[in-house]
Amino acid sequence: MAAVVVATGPVLGAAGASAAPRAAALVPAADREVQFTADGTTAYGTVHIPAHREGRRLAAALLMPGSGPTDRNGDQPPGFTPHTLPLLADTLGEDGVMSLRFDKYGTGRTGLGGRHSAPGMAAYTRQAVAAYDTLRAQPEADPHALLVVGHSEGGLQALLVDRAVAAKPAGLALLAPQSMRLLDMVDFQLAAGLDRAVAAGQLDVAQAELNKHGVTRAIADFRAGRPVDTSRLLPSLAAVLNGMFGPVNADFVRSDDAVYPPSAARSVAPGTRTLVTCGTADAKVPCRTVPALLSALAGARTTGPGLRVLPGLDHLLHPAGTPVNDPVIAPAVRRALHAFVRPWRQAPAN
């Protein structure tokens, strides 16, 4: 019988068998300018890429701003500059999630694209879908881990993007989201402001009730296409409604008001990871406005953290009493976002 020889050392000629694998190079964090086209208009944005190992694909979040001429930074300069969206991008970046934020129509480098008034909600959605597709095409993005994070009206827009795109997001984070029809929300907000004026002794109850009824009537007239008379309202209320119902914004207001956010939420795919936040000091979207939206998401069989009530936080995700333009995101918001992205979290590269 031939002897069996057992090798006890490294096999000669097996190149590299004993060498340790080389670690992928570290790619430092960076911001990259991007542009994309929707409806013939070029839009401009910023992709934030956190530090990561070379060749690694990252979860990628589209960041949606709030209402009005709010730019890629969540600002309406020069007077309103809370810098909400870069702060959200930094928070997501701590978990290895890249992001794209962009100048929507009427803001920043994008501008109105030759228009003389705000486009309708559908045009904003098409622009956001083009941004989503641009994010998906980034070389670092994991196409199976796309997220949409929306603040205020951006929360509603996140639902509309989800409904419009073929490659569905894996997750939706709705931060203080618009959860009612737009003009129902305006009616609610203005009535609450009148109640606060009564409580502060600035207005009597009869005046407040008269103005509440006047606002409700003006909204009903606008919805019905009838002439709107705001002449008997307090000047501050008349200014709000005249601005919304005037020629610059009327088409957009009608198109936004036509959307019932819980209806949009019902089309979210089962298994989509969702986060909904509400701040107990939020006068614009108080917690009592979100149950119908939450019920719709539950009916769609979404998963995830779901509702996170944020004690003492206002609509800008600040601790109540924080100056509007302080660039801060409250720790409770950061914790909620960290919980939301947990399935896609990557350890900090170092």
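Criteria and thresholds
Residues numbered from 1 in each chain as written. Predicted model: local features only at pLDDT ≥ 70, side-chain atom pairs only at ≥ 80, totals over all residues. Heavy atoms only, no water. Axes fitted to C-alpha atoms, helices over the stretch in contact; angles between N-to-C directions. Helix = DSSP H or I, 4+ residues; strand = E, 2+ residues; numbered from the N terminus. Parallel < 35°, antiparallel > 145°, perpendicular 65-115°, else oblique. Left-handed = near helix turned anticlockwise from the far one by under 90°. Contact = heavy atoms within 4.5 Å. Pairing = 2+ DSSP bridges. Right-handed = clockwise from strand over helix to strand, strands pointing away. Core = buried A, V, L, I, M, F, W, Y, C linked by side-chain atoms within 4.5 Å. Buried < 20%, exposed > 50% of the residue type's maximum accessible area, 1.4 Å probe, protein only. Nonpolar A, V, L, I, M, F, W, Y, C, P; charged D, E, K, R; others polar. Phe/Tyr/Trp six-rings, centres within 6.5 Å; stacked < 30°, edge-to-face > 60°.

Enquirer: Just to check I follow, could you spell out the packing of helix α2 (residues 121-136) against helix α3 (residues 153-164) for this structure?
Expert: The description of two helices packed together rests on the angle between their axes and the distance between the axes. Closest axis-to-axis distance for the α2/α3 pair is 9 Å, and the angle between their directions is 70°. With respect to α3, the element α2 is oriented roughly perpendicular. α2 and α3 meet at a crossing whose hand is right-handed. When α2 is examined against α3, the residues Met121, Tyr124, Thr125, Ala128, Val129 and Tyr132 are found in contact with a partner set consisting of Glu153, Leu156, Gln157, Leu160, Val161 and Ala164.

Enquirer: Help me understand the pairing of strand β10 (residues 303-310), please; the structure alone is not making it clear to me.
Expert: Here is the key point about a regular strand: its side chains alternate between the two faces of the sheet. Of the pairings in the sheet, the one linking strand β9 (residues 273-279) to β10 comprises six bridges and is parallel in character. Directly across from Cys278, in β10, lies its bridge partner Val309. Each parallel crossover has a hand, and the one from β9 via helix α9 (residues 291-299) to β10 is right-handed.

Enquirer: Explanation requested: the nonpolar core in the structure shown.
Expert: The nonpolar side chains of soluble globular proteins are, as a tendency, buried together. With 44 residues, the main nonpolar core has Leu62, Met98, Leu159 and Leu174 as its most contacted residues. In this view, Leu62 contacts Leu100, Phe102, Ala128, Ala131, Tyr132, Leu135, Leu147, Val148 and Val149; residues no more than four positions away in its chain are not counted. Formed by 27 residues, the second largest nonpolar core is a distinct cluster that contains Val97, Leu275, Leu317 and Trp344.

Enquirer: How should the packing of helix α1 (residues 84-93) against helix α10 (residues 331-340) be read in this particular structure?
Expert: Contact pair α1 / α10: the axes reach a minimum separation of 10 Å and the direction vectors enclose 50°. Classified by the angle their axes make, α1 and α10 are oblique. Note on packing geometry: the crossing formed by α1 with α10 is right-handed. On the side of α1, the interface is formed by Leu88, Thr91 and Leu92, while α10 contributes Arg334, Leu337 and His338. For the contact of α1 with α10, the per-class residue count stands at three nonpolar, two polar and one charged.

Enquirer: Please explain the sheet that holds β10 as it appears in this structure.
Expert: In a beta sheet, neighbouring strands are held together by backbone hydrogen bonds and run either parallel or antiparallel to one another. With mixed pairing, the eight strands of this open sheet are ordered in space as β2-β3-β6-β5-β7-β8-β9-β10. The outermost strands of the open sheet, each flanked by one partner alone, are β2 (30-38) and β10. Looking at each pair of strands side by side, their axes are set apart by 20° on average, direction ignored. One ladder, built from nine bridges, connects β2 with strand β3 (residues 41-49); its direction is antiparallel. Bridging from a neighbouring strand, Val34 pairs with Gly45 of β3. Strands in contact with α9 are β8 (171-175), β9 and β10; relative to β9, the strand with the most contacts, it is inclined by about 170°.

Enquirer: Got a minute to help me understand the packing of aromatic side chains in this structure?
Expert: Each pair of aromatic rings is reported with the distance of its centres and the angle of its planes. Enumeration over the complete set of coordinates arrives at five aromatic pairs. On the basis of an interplanar angle of 75° and a centroid distance of 5.7 Å, the ring pair of Phe36 and Phe102 is categorised as edge-to-face. Pair noted here: Phe36 is in strand β2 and Phe102 is in strand β6 (residues 98-102), with a separation of 66 residues, a long-range link. Residue class for Phe102 comes out buried when judged on its relative accessible area of 1%. Aromatic pair Phe222 and Phe245: ring centres 4.1 Å apart, planes at 10°, arrangement stacked.

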